[in-house]
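In case you want the letters, here they are:
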Amino acid sequence: VYVRKHPLEIPPPSEKDWPKEDKEDFFLQDPDQMRDALPQPFRMINFFLMLVFENAMEVIERREMLQEAEKLKVQPTKCLPTAEFQVPGRANCLSVSGKYVFVGLSMGLAAFKVFDCKFFFAWDAAKREICAIHSSDLVFFCHVLFAVDEMGLVWLLCFYKESLLLVKILNEMEDISQQSRCVEVVLSARGYYAGVLLQGNTKAWLEIYRLPKDSWLKEMEKNPGAAAGLACGERRSSWTSADAFLLQESPVSANKADAKLSLPVLLLKVKPPKPVTGSSFKNPLDALKKVDDASMLGLGYNHLIKDSQWEQQKAIFCSTYRKYLEAESEGESEEEIPRHATFHFLLPGRILQVGPEMKVQPDVPTGISVHWGGCHNLCFYLLNRPLKDKVDSDPKPDVVWPCAAPIACSAVSSCSRYLALACEDATITIWDKHLGYPLSVTAILKERLIHSIHFL
């Protein structure tokens, strides 16, 4: 019997006999094709085809991963239209008030019921294109409408129990060259007040009206169906098989009665602030006489800085920063008076203190906040003012908030408690108007410019 004297050992691999070419792919190659290698240029073509295939597979895998990630996200609910209705002409704007939808058309306006989207009435007595419309419900069956036509005229209308009444055209002038153009209309909640921003040829101003809603209700109850010269002739609809309607003249048209509604009361006419110039006061006593009670900040007009001092300060500044001013001087224009304003109606709070003789209701606005484009000051005006025969053309603000930078935009929450100010230096400040102090100040990147701000 043969017995092995030494333990069995595994011989080392004989790598010396392996081919030196393609060592990495030696075990992956097909033994039948080892000797039949592709000649050039077919190997290069094969290499690029494999590269394209691998890149395509990477793209496919990446897209599949993104699709899987999208499936895991919460998908938004897709809301399909429940009803569709057609309007005569082109629809430019719409507004919802109560159970009606008012649509501004290329010729007049139309109203639809919310619950079934059926046509209710159409009005084209003015023969004007309605470009903007604002509405608010006064009571359940009465609504106030502000319609702006293509000429910038503001039509104040009142819709009461299937009758449309014209109250007044606010900015109509006999001389067309002197006629102003409406830029913006804002209605307060429940239709107590309305603000209209107007622009003329060289100036702009803001008009605040008080709407006599109680008087309107009494006058319309005495004269039901009166239309004050306007007829809602087209107020019924017939539906065809194609789900389209044709407006027909109704035999029950609104009466052309002589009854007229009370006109809105002009409370304020706010103009943009004038640029601060040199003082005309000879001594400090004259300047102090212009100050009321020194309990608030003003607009900075009552000062003692002379024109010569302004010019001297400007010369020093220009000589010091000449190289920076020359780089920024291109494209700059002369300073103009601001022509656009942003304003909000404010409910009672601690910012605007109302006297004890005034009765304050929690849902009725007591003031407005106004800031003009390019200005640093946020001005507050009280609305509980005694009626005058002649409205002050340049009223003083009751409260002034100066800001470090020009105010770019602002917003008021739906409850009217919080006020947000965004300045041109990308700083956002949230104020609590009931308590009268800021809640937060947030600075965004300086290279950002805030154009609008909203509460959610």
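Structure: see above.
Residues numbered from 1 in each chain as written. Predicted model: local features only at pLDDT ≥ 70, side-chain atom pairs only at ≥ 80, totals over all residues. Heavy atoms only, no water.

Novice: Before we move on, can you summarise the pairing of strand β8 (residues 163-169) with the specific residues and values?
Specialist: With respect to burial, β8 is a largely interior element, five of its seven residues being buried. Judged from the six bridges that link them, strand β7 (residues 154-160) and β8 form a sheet pairing that is antiparallel. Across the sheet, residue leucine 157 finds its bridge partner in β8, namely leucine 166. Count of turn residues in the β7/β8 antiparallel hairpin: two residues, of which lysine 161 carries a positive phi of about 50°. (Buried < 20%, exposed > 50% of the residue type's maximum accessible area, 1.4 Å probe, protein only. Helix = DSSP H or I, 4+ residues; strand = E, 2+ residues; numbered from the N terminus. Pairing = 2+ DSSP bridges.)

Novice: Give me the lowdown on the sheet that holds strand β20 (residues 418-423), citing residues and values where you can.
Specialist: With respect to topology, four strands assemble into an open sheet ordered β19-β20-β21-β22, the strand pairing being antiparallel. Because the sheet does not close on itself, it has two edges, and the strands there are β19 (407-412) and β22 (437-443). Taking each pair of neighbouring strands and ignoring which way they run, the sheet shows an average axis angle of 15°. (Axes fitted to C-alpha atoms, helices over the stretch in contact; angles between N-to-C directions.)

Novice: Tell me about the sheet that holds strand β14 (residues 265-270), residues and numbers included.
Specialist: Spatial ordering of the open sheet is given by β9-β10-β11-β14, a layout of four strands whose pairing is antiparallel. Each end of this open sheet is capped by a strand with a single partner; those strands are β9 (181-187) and β14. With direction set aside, neighbouring strand axes in the sheet form an average angle of 20°. Two elements, β9 and strand β10 (residues 193-199), share six bridges in a ladder whose sense is antiparallel. Bridge pairing in β10 links cysteine 182 to leucine 198.

Novice: Tell me about a negative patch on the surface, residues and numbers included.
Specialist: Residues Glu54, Glu58, Glu61, Glu64 and Glu68 make up a contiguous surface patch of negative charge. Looking at the secondary structure, you find glutamate 54 in helix α1 (residues 42-72). Overall, glutamate 54 belongs to the partly exposed group, its relative accessible area being 45%. (Patch = residues over 30% accessible without salt bridge, like charges linked within 9 Å, V, L, I, M, F, W, Y side chains within 5 Å. Areas by Shrake-Rupley, 256 points an atom, 1.4 Å probe, with all protein chains shown as cover. Salt bridge = Lys/Arg side-chain N within 4 Å of Asp/Glu carboxyl O. Lys, Arg positive; Asp, Glu negative; His and termini not counted. Charge placed at Lys NZ, Arg CZ, Asp CG, Glu CD.)

Novice: Could you give me a rundown of the nonpolar core, with the residues and numbers involved?
Specialist: Counting residues in hydrophobic clusters, the biggest one holds 25 residues, and the most contacted among them are Val144, Phe146, Val196, Trp216 and Met220. Sequence-distant contacts of valine 196, that is, excluding residues within four places in its chain, are made with Val154, Leu170, Cys182, Glu184, Val185, Trp205, Leu206, Glu207, Tyr209 and Phe343. (Core = buried A, V, L, I, M, F, W, Y, C linked by side-chain atoms within 4.5 Å. Contact = heavy atoms within 4.5 Å.)

Novice: Account for the packing of aromatic side chains, with residues named and values stated.
Specialist: Enumeration over the complete set of coordinates arrives at 15 aromatic pairs. Consider the rings of tryptophan 123 and tryptophan 155, whose centres lie 5.9 Å apart with planes at 70°: the pair is edge-to-face. Residue tryptophan 123 is found in strand β4 (residues 119-123), and its partner tryptophan 155 is found in strand β7; the two are separated by 32 residues along the sequence. Assessed through its relative accessible area of 1%, tryptophan 123 is described here as buried. Seen in terms of ring centroids, phenylalanine 141 and tyrosine 160 are 5.5 Å apart; in terms of plane orientation they differ by 70°. Their pairing is edge-to-face. Of the two residues, phenylalanine 141 sits in the loop between β5 (130-139) and β6 (142-149) while tyrosine 160 sits in strand β7, which places them 19 residues apart along the sequence. For phenylalanine 141, a relative accessible area of 33% gives the class partly exposed. Aromatic ring contacts, followed pair by pair, group Tyr100, Phe102, Phe120, Phe121 and Phe159 into a single cluster. (Phe/Tyr/Trp six-rings, centres within 6.5 Å; stacked < 30°, edge-to-face > 60°.)

Novice: Break down the pattern of salt bridges for me, with residues and values.
Specialist: Pairing is possible between side chains that carry opposite charge, provided their charged atoms lie close to one another. As enumerated under the stated definition, the model contains five salt bridges in all. Salt-bridge contacts for glutamate 70 lead to lysine 73; the nearest nitrogen and oxygen are separated by 3.5 Å. Aspartate 149 is the salt-bridge partner of arginine 128, the closest N and O atoms lying 2.8 Å from each other. Of this pair, arginine 128 sits in the loop between β4 and β5 while aspartate 149 sits in strand β6, placing them 21 residues apart in sequence.

Novice: Explain the side chain of threonine 427 to me, using residue names and the numbers behind them.
Specialist: Within the secondary structure layout, threonine 427 lies in strand β21 (residues 427-432). Given the relative accessible area of 18%, threonine 427 is considered buried. A distance of 3.3 Å separates the side chain of threonine 427 from the side chain of aspartate 425, its partner in a polar contact. Non-local contacts of threonine 427, meaning those with residues more than four positions away in its chain, are made with Leu421, Ala422, Val441, Thr442 and Ala443. (Polar contact = N/O pair within 3.5 Å; in protein donor to acceptor, adjacent residues only side chain to side chain.)

Novice: Kindly report on the side chain of serine 410, identifying the contributing residues and their values.
Specialist: Along the chain, the position of serine 410 falls in strand β19. Separated by 2.9 Å, the side chains of serine 410 and histidine 344 make a polar contact. Within polar-contact distance, the side chain of serine 410 engages the side chain of histidine 371 at 2.9 Å. Those residues in contact with serine 410 that lie beyond four places of it in its chain are Thr342, His344, His371, Ala420, Leu421 and Ile453.

Novice: Explain the environment of threonine 82 to me, and be specific about the residues and the numbers.
Specialist: You can see threonine 82 is positioned in the loop between α1 and β1 (91-97). Each C-alpha atom of the pair threonine 82 and aspartate 116 lies 9.6 Å from the other, and the pair is 34 residues apart in sequence.

Novice: Could you give an account of a nonpolar patch on the surface, naming the residues involved and the relevant values?
Specialist: Together, Leu38, Phe42, Ile45 and Leu49 make up an exposed nonpolar region whose accessible area comes to about 410 Å². Tracing the sequence through the fold places isoleucine 45 in helix α1. Among the residues examined, isoleucine 45 registers a relative accessible area of 45% and is labelled partly exposed.

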